[in-house]
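Residues per chain are reported as follows:
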Amino acid sequence: MELNDLIIFQKVAECGSVSKAAEQLNYVQSNVTARIKVLEKELHTPLFNRHKRGMLINSEGKRLLEYAKEITGKVEEMKLSFLDQAGASGMLKIGIVETVIALPHILSSFNDQYPNVELSLVAGVTDQLVQDVIDMKLDGAFVTGPIRHPNVEQLAVIQEKLVLVSKRDSFTMDQLTTTPFLLYHKGCGYRGRLESWMKVEGIIPRKVMEFGTFGTIIGSVSAGIGVTIIPQSSVIDLVASEVVEEHQLPEPYCDITTIFVWRKDSYITNTLSHFIDEIQRHAYLLDKNNDINL
């Protein structure tokens, strides 16, 4: 078994297709097929269920996938530990939820200090971003906390209030049951908090519309299509200009903490270490001034 076999295996599992995996790896399809067969022969078990549309990983394949991720991740970590330098350089891949109001300040300050670092930002919802950190697809991520996972370290960045946002200036609980909720996809921390509150109140929404971006959600709310839940800091200007109205949520559902997470047992490069230091500095300033507009 070779390391490259595990890399090929992971790509086939991800794509669900030998042809797609071969294309992304820039290999000929027959080579990918042959390496998968070598793995199956060596492990004495099929790793995929074959069908006309591709290959679906089976239970034994899923078991191997966990080992493969760990092995290839450790190899990459080993490379980084030898290539790492005293200063911050290279690429830093960071996950974000779109409404982290402190993020521009952190990124701007970090970029000024370490211009040789190439920052790559990946937007998503909390659950998926945390999983990507655990799978070593991301160096770290700004998500909604707290997170309870043995492989995750976390650092509080900012505490905020969640509010309901609508076009109208008031509405009753009965109206909430007939008003569409405009939310991020499943796995969003804000959505999870809202669903917990609705469950306690016995509210069953008539319709839930899912969106992928803050701009689309808030634009739809301002058009009167429905209501959403969002950090208060994200809509201060829109509320002040009377584009939308905000409505308070009861305790404890209104309190939200944005945290930065990274994998606990992974090698912390100097670049990531400097980035965490920058987050800590801004988190201190935010707490000291009690003001998100630095």
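Our subject is the structure listed above.
What counts, and at which threshold
Residues numbered from 1 in each chain as written. Predicted model: local features only at pLDDT ≥ 70, side-chain atom pairs only at ≥ 80, totals over all residues. Heavy atoms only, no water. Salt bridge = Lys/Arg side-chain N within 4 Å of Asp/Glu carboxyl O. Helix = DSSP H or I, 4+ residues; strand = E, 2+ residues; numbered from the N terminus. Buried < 20%, exposed > 50% of the residue type's maximum accessible area, 1.4 Å probe, protein only. Polar contact = N/O pair within 3.5 Å; in protein donor to acceptor, adjacent residues only side chain to side chain. Disulfide = S-S within 2.5 Å. Pairing = 2+ DSSP bridges. Right-handed = clockwise from strand over helix to strand, strands pointing away. Phe/Tyr/Trp six-rings, centres within 6.5 Å; stacked < 30°, edge-to-face > 60°. Axes fitted to C-alpha atoms, helices over the stretch in contact; angles between N-to-C directions. Parallel < 35°, antiparallel > 145°, perpendicular 65-115°, else oblique. Left-handed = near helix turned anticlockwise from the far one by under 90°. Contact = heavy atoms within 4.5 Å. Nonpolar A, V, L, I, M, F, W, Y, C, P; charged D, E, K, R; others polar.

Undergrad: How should the pattern of salt bridges be read in this particular structure?
TA: When charged atoms on two side chains of opposite charge get close, those side chains can pair. Evaluation of the coordinates by the stated rule reveals 12 salt bridges. One salt bridge connects Arg63 with Glu60, and the closest N-O pair in it is separated by 2.9 Å. Residue Arg63 and its partner Glu60 are located together in helix H4 (residues 59–83), separated by three residues, close to a single helical turn. Among the residues examined, Glu60 registers a relative accessible area of 28% and is labelled partly exposed. Between Arg191 and Glu195 there is a salt bridge whose closest N-O contact spans 3.0 Å. Highlighted residues: Arg191 and Glu195, both in helix H8 (residues 189–201), separated by four residues, approximately one helical turn. Take Glu195: its relative accessible area is 27%, and that puts it in the partly exposed class. Members of the salt-bridge network, linked through shared partners, are Lys186, Arg191, Glu195 and Glu210.

Undergrad: Explanation requested: the side chain of Asp135 in the structure shown.
TA: Position of Asp135 among the secondary structure elements: in the loop between helix H6 (126–134) and strand S5 (140–145). Of note is the side chain of Asp135, whose polar atom sits 3.4 Å from the side chain of Lys69.

Undergrad: I'm lost on the state of the cysteines in this one. Help?
TA: Covalent bonding between the sulfur atoms of two cysteines defines a disulfide. Overall, the coordinates contain zero disulfides when judged by the stated rule. Lacking any disulfide linkage, Cys188 is separated from the closest cysteine sulfur, that of Cys254, by 16 Å. With relative accessibility at 10%, the residue Cys188 sits in the buried group. Classification of Cys254 by relative accessible area gives buried; the value is 4%.

Undergrad: How do you make sense of the pairing of strand S3 (residues 90–96) when you look at a structure like this?
TA: Successive side chains on a regular strand alternate, one facing one side of the sheet and the next facing the other. As paired elements, S3 and strand S4 (residues 117–123) share seven bridges and run parallel to each other. Bridge assignment links Gly90 to a residue of S4, and that residue is Val117. Running through helix H5 (residues 103–113), the crossover from S3 to the neighbouring parallel element S4 is right-handed. Inspection of the sheet shows S3 paired to S5 by three bridges, in the parallel sense. Bridge pairing in S5 places Ile96 opposite Phe142.

Undergrad: What is the right way to look at the packing of aromatic side chains in this model?
TA: For any two aromatic rings, the description comes down to two numbers: the centre-to-centre distance and the angle of the planes. A complete count under the given rule lists seven aromatic pairs for this structure. Seen in terms of ring centroids, Phe110 and Phe275 are 5.1 Å apart; in terms of plane orientation they differ by 90°. Their pairing is edge-to-face. With a gap of 165 residues between them, Phe110 in helix H5 and Phe275 in helix H11 (residues 270–289) connect regions that are remote in the sequence. The pair Phe110 / Phe275 is uniform in exposure class, with both members buried.

Undergrad: Looking at this structure, I do not really get unusual backbone geometry. What am I missing?
TA: Most peptide bonds take the trans form, and the phi angle of most residues other than glycine is negative. Of the consecutive residues Gly145 and Pro146, the connecting peptide bond is found in the cis state with omega at 0°. Inspection of the secondary structure assignment puts Pro146 in the loop between S5 and strand S6 (152–166). In this structure, the amide linkage connecting Glu251 to the following residue, Pro252, adopts the cis form with an omega of -5°. With respect to the helices and strands, the residue Pro252 is situated in the loop between strand S10 (245–248) and strand S11 (255–263). The backbone of Asn26 sits at a positive phi, close to 65°, despite the residue not being glycine. On the secondary structure map, Asn26 appears in the loop between helix H2 (18–25) and helix H3 (29–43). Despite not being glycine, Met136 has its phi angle at roughly 65°, a positive value.

Undergrad: I keep staring at the environment of Ile236 and nothing clicks. Help me out?
TA: Considering the arrangement of structural elements, one finds Ile236 in helix H10 (residues 236–240). Residue classification places Ile236 among the partly exposed positions, given a relative accessible area of 40%. Residues Ile236 and Met91, spaced 145 residues apart in sequence, show a C-alpha to C-alpha distance of 33 Å.

Undergrad: For this particular structure, what's the right way to read the packing of helix H1 (residues 3–15) against H2?
TA: Between two packed helices, what matters for the description is the angle formed by their axes and the separation of those axes. Where H1 contacts H2, the axes come no closer than 8 Å and their chain directions differ by 125°. Overall, the two elements H1 and H2 adopt an arrangement that is oblique. In the crossing of H1 with H2, the sense of the turn from one axis to the other is right-handed. Of the residues in H2, those touching H1 at Ile7, Ile8, Lys11, Val12, Glu14 and Cys15 are Lys20, Ala21, Gln24 and Leu25. Along the lines of polarity and charge, the residues of the contact of H1 with H2 split into six nonpolar, one polar and three charged.

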